[in-house]
Amino acid sequence: QVQLVESGGGLVQAGGSLRLSCAASGRTFSRYSMGWFRQAPGKEREFVSRISRTGSPTYYADSVKGRFTISRDNAKNTVYLQMNSLKPEDTAVYYCAGDNSALGLRMMTYQYNAWGQGTQVTVSA
């Protein structure tokens, strides 16, 4: 099973950008479909985006479609989340997650079997 470590969070003004990274240990990263989730205070963890083992296809929550882009570099064992046009409602702890299946869109937390510790993203108005 892969171990996941997120980085790249921080404080940004509305309209700004951040790029999150998630580094995976182990030799099996390319066997994992990867996802990003987020959890705001007092709310449940929600799906943000997903990328297949090969990098295509990708999926997005409606709330981030057109603003966020997920990508991966299997040679570097890393998945990224480029976040543009950030809004205060994007404020949350962002988690990357691994799913060792090749199935399509999976939006539920229980469908992922590896999780990072999370990175805080704060967007000020």
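Above this note sits the structure.
Residues numbered from 1 in each chain as written. Predicted model: local features only at pLDDT ≥ 70, side-chain atom pairs only at ≥ 80, totals over all residues. Heavy atoms only, no water.

Engineer: I would appreciate a short explanation of the pairing of strand 9 (residues 92–99) in the present structure.
Structural biologist: Counting buried positions along strand 9 yields seven of eight residues, so the element is predominantly enclosed. Two strands pair when backbone bridges link them, and strand 4 (residues 33–39) and strand 9 are joined in this way by seven bridges, in the antiparallel orientation. Directly across from Phe 37, in strand 9, lies its bridge partner Tyr 95. The pairing of strand 9 with strand 11 (residues 119–124) spans three bridges and is classified as antiparallel. Bridged to Ala 92 within strand 11 is Val 121. Here two bridges tie strand 9 to strand 10 (residues 114–115), and the two strands are oriented antiparallel to one another. Bridge assignment links Ala 97 to a residue of strand 10, and that residue is Trp 115. (Buried < 20%, exposed > 50% of the residue type's maximum accessible area, 1.4 Å probe, protein only. Helix = DSSP H or I, 4+ residues; strand = E, 2+ residues; numbered from the N terminus. Pairing = 2+ DSSP bridges.)

Engineer: So what exactly am I meant to see when it comes to the nonpolar core here?
Structural biologist: A general feature of soluble globular proteins is that nonpolar side chains tend to end up buried together. Membership of the largest hydrophobic core comes to 32 residues, with the highest contact counts inside it found for Trp 36, Leu 81, Met 83 and Tyr 94. What Met 83 contacts, discounting residues up to four positions off in sequence, is Gly 16, Ser 17, Leu 18, Leu 20, Arg 67, Phe 68, Tyr 94 and Val 121. (Core = buried A, V, L, I, M, F, W, Y, C linked by side-chain atoms within 4.5 Å. Contact = heavy atoms within 4.5 Å.)

Engineer: Would you take a moment to explain unusual backbone geometry for this structure?
Structural biologist: Leave glycine aside and you will find that most residues have negative phi; peptide bonds, for their part, are mostly trans. Here Ser 56 and Pro 57 are connected by a cis peptide whose omega angle stands at 10°. Its identity is not glycine, yet Asn 77 carries a phi of approximately 55°, on the positive side. Structurally, Asn 77 is set in the loop between strand 7 (68–73) and strand 8 (78–83). The backbone of Ser 85 shows a phi angle near 50°, a positive value even though the residue is not glycine. Relative to the helices and strands, Ser 85 resides in the loop between strand 8 and strand 9.

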